[in-house]
Structures are given as structure tokens and as C-alpha cells.
Protein chains: 2
Amino acid sequence: MELDLEPIFSPSSVAIVGASPKREKVGNVILENFLRRFRGKIYPVNPKYDNIYGLKCYKKVSDIPEDVDLVVIAIPARFVPDVLEDAAKKGVKGAIIISSGFSEVGEEGRKLENKLREIREKYGIRIIGPNGMGIYDPYSGVDTFFVYDDRVRRPPKGNIAIISQSGATALALMEWLSERGIGVSKIISFGNKVDVDEVDLLEEFMADPTVDAVFIYLEGLKEGRGYKFVKLSKEFTKTKTIVVLKAGKSKKGQEAVASHTASMAGDYEVYKFALKQAGIIEAETIDDFLKYLQVFSYFGKRRVKKLLIYTNGGGFGVLSTDYASREGFDLPPLSPALRSVIEEILPDFASIKNPLDTTASAPEDSYLKGLKRVLEFQEYDAILSILLPQLPSYTEDFPRKFAEIYDGKTPIVFVIYGGEFSRKIKEELSKIVPVFDTPEEAIRALKILKVR
Amino acid sequence: MELDLEPIFSPSSVAIVGASPKREKVGNVILENFLRRFRGKIYPVNPKYDNIYGLKCYKKVSDIPEDVDLVVIAIPARFVPDVLEDAAKKGVKGAIIISSGFSEVGEEGRKLENKLREIREKYGIRIIGPNGMGIYDPYSGVDTFFVYDDRVRRPPKGNIAIISQSGATALALMEWLSERGIGVSKIISFGNKVDVDEVDLLEEFMADPTVDAVFIYLEGLKEGRGYKFVKLSKEFTKTKTIVVLKAGKSKKGQEAVASHTASMAGDYEVYKFALKQAGIIEAETIDDFLKYLQVFSYFGKRRVKKLLIYTNGGGFGVLSTDYASREGFDLPPLSPALRSVIEEILPDFASIKNPLDTTASAPEDSYLKGLKRVLEFQEYDAILSILLPQLPSYTEDFPRKFAEIYDGKTPIVFVIYGGEFSRKIKEELSKIVPVFDTPEEAIRALKILKVR
């Protein structure tokens, strides 16, 4: 008996087991989250209270007189199976289990987790978790991330879905995204994934118009799911984007995965090959993963092979050239036509090659005029624009002037290093295009767009 | 006739050729820099003015009635040889030439540069430059970096010397350091290095008590200097530290180097081997270079082989394990004695291995108590401490509590991701130990301490 995930992603009513009026309790954080964003009915469940924040509080889920779509369970592991069964019996079709202490801690936990599996089989209730943060979904208002909103701000609505076995990683991503104003469709942290896994979610997201890309922190797929995952991903990546950060690459890392979410990390070489086959972009490190998120949020799905490095600092031009070559970008020279146009604009000792070094003597207006002409000629798939705005003649007006010349056709990423004075310029510029601190960061970020 | 570098590093008097009262002019920036910090005599030289800011302004250096130790030259390239010769004839022993337009721009420039070389040979005047930012030295007050102090703040006095052929890279490093309050002995950007080069500077710094480490951005050594550089470095690294970032590794990068500072980048494999032989730490990227600077400023010269990963987030523990393994750190388990001590402190489902995962359920005090015991046992050469401070029970008091348990014996680097709420904690904590955003950044940073 397979049920769809609607009760989990679009519930009209939710029961929160472990709800509490006491600050710092997990059940308090979750209740407050739902009260802030969720527009459906909320039923606190906790035998200790008659009501919480003016809401009637129930002893058991089965005591709730109305229908309930989703149950959120945040109580010690040993009590979870009974609560889940009580809810399933009542007809609840979706559950998010936050509690830790299952198969990741050994034999006792494994037994408890098997009980969840049996209930899932018997009643068909779909389960997210246990041992994860659950779901944050700005569209539905579901938010089981048990950290107060004033500690980790929530990202706005957007077109990226995040899947993470690890709760802490999901939380880190959440904060990182909201800091940058990058929107999400949902963030899902399903820990030991006793039921719903990456395959189920990809199926769900295939038809979801709010999802253009899925970013996955993956410890290991469940046994027997590899084939389906690759097959589905192949289909998915024809129109949408998947990025995977694989954890448990090293032998030591694989052992750590077993202690963490009781997953089998598997042979990394096999994964690497499978991801490639499936059209999935692999992020080698969490740093790359974050950069890919950033670039995707600006430019979506693009194809970049030919890159121009445009700089007013020679040294950073050289470093960028080394790094871009190493990462497999093409750095063709300018066409003779474009070259002669640019020569008219820049100082005599500028180097009109690739990297194109305007030198520190080029004033702001020449730097921008040159960039404008490069954009108009459309000879490159992307531009890495390195700016040292601290030089005399550069002003805080740079971002406004850039907005005037930028047509949005060619992806540009900026590199601006520096502190106080640069901060304002970086902030303003990043409303238009991505801005990074160092050439290598920018080039690593561009890798998400690279033709593979 | 070889003269020492004292007139350049400890001048009592300086002539600034090209000095100007006009804002934004290079000669205005440099004059203002000297007026701010330099305690010796300052002589502006510019035929257009009789006095600037109340200082008498001279038409030529030779018009100055007193002795001059150092001349700073910031005028168009074609006028530089005559000015240099005039100064050398007068007996000036040191020159910093800021001007661009020499061998990096082709044949004409090469001729001009040869003239500088001839004057250097004839009169023995020592030259920094041309085509660089010159010198910033907080001890002597020499500061020819032609960017206003309110655009790029200057770092305080410290024990690190920076050498960079590239001016923009030197400037970027300057700003990056001052942002973090990391002090320097001096920053030197000598562009085409017609005279003084890395070898001369290493000789100088060997005896300089204000220099414990030299960080070099290197495009290429001058012909015939390789052997001496390696020999000297071998000696130098017995007591002090050298870190090199080599630019021009790729073929394209080598071409870019030629256009930039007219250097021969040379065969990278040869450099790689030579650096290793010389006991030099190579930074693969500018990102690594910056991280090494940061870690050195906290811990100086140390040796790390055995690393413990200590985390309250499992996913980041796994990622750290993968990355630390890849980078060659040993991750031995805890001794049985330490293990049983830690078991008493942490929750039941904590994973007392390496990575040591306290889990998100460990309250702040347990996290710190565990860390304290780990430090006391001294089983590890360094600790990577991953903290998710957004969890309930963690407080803004964490840095103060950490300061109480930290004895400074074992290097610790923290990983704290996050925004608003974490910022204060990061800021406070970074007064004691380095703090990074992601596990990979922290591990890359630790590589400077790794036993090679």
C-alpha cells in the first residue's frame, strides 16, 4: 500500500507530539515554528498539559476529535513506536519523526527502528526520519527544524530543494541561504530515512513546479535503491538540475557515516561513476556545494565552456588563469575585432589578452566601458570580473553603473576582496550578480555551469 | 658594489618625486601616507609646486640641500631614469619605483628598464620596483602603497613579512590582514624587481628579529637566482617559516605572468620540487595562502600529525573526516582511558570515536567539559572543533567559557557556520583561536602546521 507524500508536503492539519510551553524544549521550538507560519489546524499533544498557548492540548493523537494529516513526533525514542501506531490507527497519513536514538546507536535502537518500519508497512503511513531535522517548507508552512527563528533565520520562497540526511548540515545550509536571501522550495533532513528517501523525493519533485534544482547531501542510498536513483536522476536532469555532495568518501569517513545515520556509505568510486552517468553535478566539498547554490540562484541552468578573465589586478589575473585551466575552462583570446575595440578604451600598457588586465591605471569608467563592449560581442559563455575597488578613481557608484551596462545575457561573477570600503560595493553588486572574495572561490563556483 | 638595504628599510629622510596636493593622484596618496606615519624628514619633489601642505617642494632631488636616504618615484615611466640618476648622483642610496610601463609592456619599456639597471650598477643605488606597490612597513613608517588609508586600512606591527611581485595581490593581502587584526613586519611589492628580489630580502630577513615568517606570492625567480634561493631558504626554514604561493603553474598562466611582471614563470614541476627541498611550505591556492597566514598568526611554527575531530553535528564530522584523510592527517581513536572519561560526560547516543560526535543533544556545558578533558589528556597534536551554536542550550557565553578551559598547549581551530546569531560568538572566539566557516576551510588552514 503506497500513499503519496501530500499529507507531508501539504497538510491541512498537524498534531505535534511532545509540544511544550517550556522554552528550549524541542517541542516548544516546533510548536512556535508552526504557530508562526502554518495556516492549517494545529493540535498540541502532551499528557502533561491541558492547553498550551491557548490551544487545547491532547493526551494522545487518537484523542483529537478531527482528522489529522500530519503528525510531528519529538519525544524520546522508546516512546515513538506506540505514538506512531496510535496516530496511524486513527488514520494519520504522514509522520515526521525528529527523535534520535534509533539504529545509529546500535542494537536497541535498531529494534525500535524496525518497529517503525512494521507500522509503516501495516498502516501505510509515510515517514520522514527519524534522527533528522524534518522539513522546512515556506510554501506549506511546515517547519520542524527545532531551532528558534531568531537563532537561525528561515530562507524565503524559492526554486531550490535541499535534501540532507544530516540535520546539522541542513541547518547550516538553511542559515547560509537565508543570510544571502536565497530562496528554497523546501529543506528536508530525514536522518535514518526509515521510509521516505532520495528516490521518493525525486519522484515528488519531478512534478513540483516550485523545484528547479535539488541539492543533496548524501551519506548513502538505501540498499537496492541505487538503480532507481540513477534511472530517475537521468530523467530529472534532462530539464532540472541535481547537485550531490557525497559524504563518506574515505574509509574513515565511511565508518563515521555508520555511527551517524546508520547508512552504508558504499564504494565512492561506484558512486562517482553513477552520479556522472545520471547527469548529476557532483560537488567535491561543502565549500563547492555552497558556491554552486549561490551561482544557481542567480543564473539557473546554463552551459559555460569559454571563459574570459577580466581584471584590474594582474596577480589575481594570473592566479585565476592557473586555476581556471586546472578546472578545465577554455580561455580563448579575444577576436581581433573585439581586441581593437578594447584597445581604444584602455591604457597603453593594459594587456588585452585572456586574462584581460586593464591594469590598476584604468579608471572606473574605462573598466566598465571595456566590460560593456565585451558583453556586447558575446564571444564568451561567462566572465570572471576581478575588481580592486580601492584604487583611486573607483567609487561607491560602481554597482549602479554596472547595472546600467549589464544585460543579463552572459553570466558574470565578480571577485572583490577587501574590507570596510569594499563591503558596500559588494553588497550592492551582489543584488545583480554573485560576488566572491577570491578568484579560486569564483572559479569553483562557476563549475556548476561548466559543460561536462 | 653591493650596498645594504638599510636606506630602504630604515630611512631617516625621504624624497617623494611626483608628490602632489591633488586628491586621487598617486603622488598625493603617497605623500599623505608618509605624513601620517613616517617620523623622518619628508621632501616633496615636483617642478609644478613651490610647496605642498606647508612643506617646501623641490624641482629635482639634487636641489634638496640635505642628505636623502630614500627616494620614492611615482611619475610616468619615460621620466624615471633621469630622476633616478639625478638622485643617485646626489648620493641617495635607496629607491622605490612605483611607476608602470617598463619591461611588462614590451620593447620600449625594456629599454627604459635597462637604463635603471645601468644606473643601479654605476651608482650602487638599491631599487625596489618598478611596477609594484613598493613597501609598507609599520616599524619604519615607510608606506608607498598608493591607496588611501580610509580605503585600505593598514595592518598593525607584527612578525610576518609579505613579499608579492603583484601590487594588487599585495594590496588584497594588506586589507585581508588588517580586517583580521593580523600584524606584519612589512609588505613588499616589487613588481619587475630590476634589482632587489626574493633572495636579497630573505638575506635581510634572516637577521631581522621582527620577522618570524615570510609569505611569498611568486611569479618567477630571476634567471640564475634559483640555486641561491633554495640554499638560503634551507637555512632560513631551520628556524623561521617560508610559505610560497606560486603563480604561473599552467601554460596559460605562464603567458599571463610574462604580460604582468615580465617574469619567466618557469617549469612548475621544477619549482615544486625545489620548494620542497628548501623546507618551504607551498600554498596551492590563494585561499590556502590566506588560511595559512591566519593559522600562523595564532600558533606560529608547530607540528601536527594526529588530529581529533570534535563536533556537535554529525554530517560535518563525516565531511571533515573525508577531507582530513584526503589531506593526510592521522585520525587515531581515543585511548580507552580517555574514552571512558568522555563517556561519563556525553549523552548515551554520542559517538566517542574520531570524529567524536557529541550529537546535537549534548548541552553546551557537556560539549565544553568533554573538550577540556580531551585537552588535558594531550593525545592529539591539534583539534578541529565543530560547533553548531544555534542549538538550544548553547549561549553567547560560549567563548568566555571556552577561554576558561583552553590552556593554549594544543592548537584548536573552530568551525562555526552561520549568520546573525553566530557572528558575535565567532568574533569573540576568534580573539582566542582561529574560526572558520566550513570544515574544509579549517582543514586546509591546518595544513600549514602539518608534519611534512
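Residues numbered from 1 in each chain as written. Chains lettered and ligands numbered in written order. Predicted model: local features only at pLDDT ≥ 70, side-chain atom pairs only at ≥ 80, totals over all residues. Heavy atoms only, no water.

## A closer look at the overall build of chain A
Cut-off, in case you're wondering: Comment: elements are numbered from the N terminus, with helices defined as DSSP H or I runs of at least four residues and strands as E runs of at least two. All accessibility values rest on the Shrake-Rupley procedure with a 1.4 Å probe; residue burial counts only the protein chains present in the view. When charges are counted, Lys and Arg are positive and Asp and Glu negative, with His and the chain ends excluded. Every charge is mapped to an atom, namely NZ of Lys, CZ of Arg, CG of Asp or CD of Glu.
Helix and strand counts for chain A stand at 16 helices and 19 strands. Within the structure as shown, chain A displays about 16,700 Å² of accessible surface, and the carbon and sulfur contribution to it stands at 49%. Taking the average location of the 65 positive side-chain charges in chain A and that of its 65 negative ones, the two points are 2 Å from each other.

## Looking at the pairing of strand S11 (residues 213-218) of chain A
Each regular strand shows side chains that alternate between the opposite faces of the sheet. Residue and element names in this part refer to chain A. For the record, the criterion: Each residue's exposure class comes from its accessible area (1.4 Å probe, protein chains only) as a fraction of the maximum for that residue type: buried when under 20%, exposed when over 50%, partly exposed otherwise. Strands were regarded as paired on the criterion that DSSP finds at least two bridges between them. A clockwise course of the path from the first strand over the helix to the second, judged with the strands pointing away from the viewer, identifies a crossover as right-handed.
The element S11 is extensively covered by neighbouring structure, given that 6 of its 6 residues are classed as buried. Where burial is concerned, the two faces of S11 agree: the one with Ala213, Phe215 and Tyr217 and the one with Val214, Ile216 and Leu218 are both buried. In terms of strand pairing, strand S9 (residues 157-164) meets S11 through 5 bridges, oriented parallel. Bridging from a neighbouring strand, Ile162 pairs with Phe215 of S11. Sheet topology places S11 next to strand S12 (residues 241-246); 6 bridges connect them, and they run parallel. Residue pairing in the sheet places Ala213 in a bridge with Thr241 of S12. The β-α-β motif built from S11, the intervening helix H7 (residues 226-236) and the parallel element S12 has right-handed crossover chirality.

## Some points on the interface of chain B and chain A
Heads up, the rule is: Should any heavy atoms of two residues lie within 4.5 Å, those residues are counted as being in contact. Accessible-area loss on putting two parts together, using a 1.4 Å probe and summing over both, is the definition of buried area adopted here. Whenever a carboxyl oxygen of Asp or Glu lies within 4 Å of a side-chain nitrogen of Lys or Arg, that contact is scored as a salt bridge. Between N or O atoms, a polar contact is any pair within 3.5 Å; within protein, one atom must be a potential hydrogen donor and the other a potential acceptor, and residues adjacent in sequence are included only when both atoms are from side chains.
The partner chain A presents 73 residues to the 73 residues of chain B that form the contact. Taken over both partners, the interface formed by chain B and chain A buries close to 5,300 Å², and the fraction arising from carbon and sulfur atoms is 60%. Where chain B meets chain A, there are 6 salt bridges. Here Arg423(B) makes a salt bridge to Glu179(A), at a shortest N to O gap of 2.8 Å. Where chain B meets chain A, there are 32 residue pairs in polar contact (both at pLDDT 80 or more). Listed by contribution, the elements that provide at least two residues to the side of chain B that touches chain A are helix H5 (167-179), strand S12 (241-246), helix H8 (251-261), helix H10 (286-299), helix H11 (314-326), helix H15 (420-429) and helix H16 (439-446) of chain B. Per element, the largest residue contribution to the side of chain B that touches chain A is 10 residues, and it comes from H11(B).

## Remarks on the sheet that holds strand S8 (residues 134-136) of chain B
All names here are of chain B. Note the threshold: In this analysis an axis means a line fitted to C-alpha atoms, helices contributing only their contacting stretch, and an angle means the value between N-to-C directions, from 0 to 180 degrees.
Overall, mixed pairing links the 6 strands, which are arranged S8-S10-S9-S11-S12-S13 in an open sheet. What marks the edges here is a single partner per strand, and that holds for S8 and strand S13 (281-283). The mean inter-strand angle of the sheet, taken between neighbouring strand axes irrespective of direction, is 20 degrees. With 3 bridges connecting them, S8 and strand S10 (residues 184-189) associate as antiparallel partners. When the sheet's bridge partners are listed, Ile135 is paired in S10 with Ile188. Of the strands in this sheet, S8, strand S9 (157-164), S10 and strand S11 (213-218) are in contact with H5, which crosses S10 at around 160 degrees.

## Comments concerning the relation of the copies chain B and chain A
This is how it is decided: Each copy is superposed on the other by least squares, with the fit set by C-alpha atoms of residues at a pLDDT of at least 70 in both.
With an RMSD of 0.1 Å, chain B superimposes on chain A once it is rotated by 180 degrees and translated 0.0 Å along the axis. The operation mapping one copy onto its partner corresponds to a two-fold rotation axis. The residues that chain B uses at the interface reappear at the interface of chain A in 100% of cases, marking a shared surface.

## Some thoughts on unusual backbone geometry
Residue Pro130(A) follows Gly129(A) across a cis peptide bond; omega there is -5 degrees. In this structure, Pro355(A) follows Asn354(A) across a cis peptide bond, with omega equal to 15 degrees. Along the chain, Pro355(A) falls in the loop between strand S15 (351-352) and strand S16 (356-357). A positive phi angle is found at Glu24(B), which is not glycine, with a value near 85 degrees. Position of Glu24(B) relative to the elements: it lies in the loop between strand S1 (13-17) and helix H2 (26-37). In this model, Asn131(B) sits at a positive phi of 70 degrees, which is unusual for a non-glycine residue. Residue position: Asn131(B) is located in the loop between strand S7 (126-128) and S8.

## Description of empty space enclosed by the protein
Here is the rule we go by: Lining residues are those with an atom within 4 Å of a point, where the points come from a 1 Å grid over the protein atoms alone and group into cavities, where a 1.4 Å probe fits but cannot get out, or pockets, open sets with protein on both sides within 12 Å along at least five of seven lines. Grid points are joined across faces, edges and corners, and a volume is the space filled by probe spheres set on the points. For this scheme, ten residues count as nonpolar: Ala, Val, Leu, Ile, Met, Phe, Trp, Tyr, Cys and Pro. Four count as charged, namely Asp, Glu, Lys and Arg, and the remainder, Gly too, count as polar.
What the rule picks out here adds up to 1 cavity of 30 Å³ or more. What the largest cavity holds in volume is close to 40 Å³. In terms of lining residues, the largest cavity is bounded by Gly419(A), Glu420(A), Phe421(A), Asp150(B), Arg151(B), Arg153(B), Glu175(B), Ser178(B) and Glu179(B). Ranked by residue count, the leading element in the lining of the largest cavity is H5(B), at 3 residues. Tallied by class, residues from the lining of the largest cavity come to 1 nonpolar, 2 polar and 6 charged.

## A closer look at the packing of aromatic side chains
Residues and elements named next belong to chain A. Inclusion rule: Two aromatic rings, drawn from Phe, Tyr or Trp (for Trp, its six-membered ring), form a pair once their centres lie within 6.5 Å of each other, and the interplanar angle then sorts them: stacked below 30 degrees, edge-to-face above 60, tilted otherwise.
Scanning all chains against the criterion turns up 26 aromatic pairs over all chains. With a centroid separation of 6.2 Å and an interplanar angle of 40 degrees, the aromatic rings of Tyr298 and Phe299 are classed as tilted. The buried category is assigned to Phe299, whose relative accessible area is 10%. Ring centres of Phe402 and Tyr406 lie 5.1 Å apart, and the angle between their planes is 20 degrees; on these two criteria the pair is classed as stacked.

## Notes on the sheet that holds strand S8 (residues 134-136) of chain A
Residues and elements named next belong to chain A. Strand order in the open sheet formed by 6 strands is S8-S10-S9-S11-S12-S13, with mixed pairing between adjacent strands. Single-partner strands in this sheet number two, and they are S8 and strand S13 (281-283). Each adjacent strand pair in this sheet contributes to an overall mean axis angle of 20 degrees, direction not counted.

## Things to note about the confidence of the model for chain A
Formally: Known as pLDDT, the predictor's confidence for each residue is given on a scale from 0 to 100.
Chain-level statistics for chain A give a pLDDT mean of 93 and a share of 99% at 70 or above. Reported confidences for the modelled complex are a pTM of 0.88 and an ipTM of 0.85.

## Observations concerning the packing of helix H8 (residues 251-261) of chain A against H11(B)
Short version of the rule: Small angles under 35 degrees read as roughly parallel and large ones over 145 as roughly antiparallel, with 65 to 115 read as roughly perpendicular and the rest as oblique.
The contact between H8(A) and H11(B) brings their axes to 8 Å, and the two run at 170 degrees. Considered as vectors, H8(A) and H11(B) are oriented roughly antiparallel to each other. For the pair H8(A) and H11(B), the contacting residues are Lys252(A), Gly253(A), Ala256(A), Val257(A) and His260(A) in the first and Gly314(B), Gly315(B), Val318(B), Thr321(B), Asp322(B) and Ser325(B) in the second. In the contact of H8(A) with H11(B), the residues fall into 3 nonpolar, 6 polar and 2 charged.

## Looking at the pairing of S1(B)
All names here are of chain B. Counting buried positions over the 5 residues of S1 gives 5, a clear majority of the element. A two-sided burial pattern is seen for S1, the buried positions comprising Ser13, Ala15 and Val17 on one face and Val14 and Ile16 on the other. Two elements, S1 and strand S2 (residues 41-45), share 5 bridges in a ladder whose sense is parallel. Bridging from a neighbouring strand, Ser13 pairs with Lys41 of S2. As for the winding sense of the linkage, the β-α-β connection from S1 through H2 to S2 is right-handed. Relative to strand S5 (residues 70-73), S1 is paired through 4 bridges, and the arrangement is parallel. Directly across from Ile16, in S5, lies its bridge partner Val72.

## Re helix H14 (residues 398-405) of chain A
Residues and elements named next belong to chain A. Our working definition: Note: the arc covers the axis-to-C-beta directions of the helix.
For H14, the complete set of buried residues consists of Phe398, Pro399, Lys401, Phe402 and Ile405. Taken end-on, H14 shows its buried residues confined to a sector of 160 degrees, consistent with a single buried face. Lining the buried residues of H14 we find helix H13 (364-377), strand S17 (382-387), strand S18 (412-416) and helix H15 (420-429).

## Examining the side chain of Thr358(A)
Residues and elements named next belong to chain A. For Thr358, the position within the fold is in the loop between S16 and H13. Thr358 sits in the buried class, given a relative accessible area of 0%. Beyond its immediate stretch of four places on either side in the chain, Thr358 contacts Tyr310, Thr311, Asn312, Leu346, Pro347, Ala350 and Tyr367.

## Things to note about helix H2 (residues 26-37) of chain A
We count it as follows: Given a helix with a known number of residues, its expected span is that number minus one, times 1.5 Å.
Under the 1.5 Å per step criterion, the end-to-end length of H2(A) is 17 Å for 12 residues, consistent within 8% with the ideal 16 Å. Within the span of H2(A), buried status applies to Gly27(A), Asn28(A), Val29(A), Ile30(A), Leu31(A), Glu32(A), Asn33(A) and Phe34(A).

## Some remarks on the packing of H10(B) against H16(B)
Residue and element names in this part refer to chain B. To keep it simple, the criterion reads: Note on convention: the crossing is left-handed when the near helix lies turned anticlockwise from the far helix by less than a right angle, right-handed when the turn is clockwise.
Where H10 meets H16, the closest approach of the two axes is 8 Å, and the angle between their N-to-C directions is 70 degrees. When the axes of H10 and H16 are compared, the pair comes out roughly perpendicular. With respect to the hand of their crossing, H10 and H16 are arranged in right-handed fashion. Residues Asp287, Asp288, Lys291, Tyr292 and Val295 of H10 form the contact with H16, whose own contacting residues are Glu441, Arg444 and Ala445.

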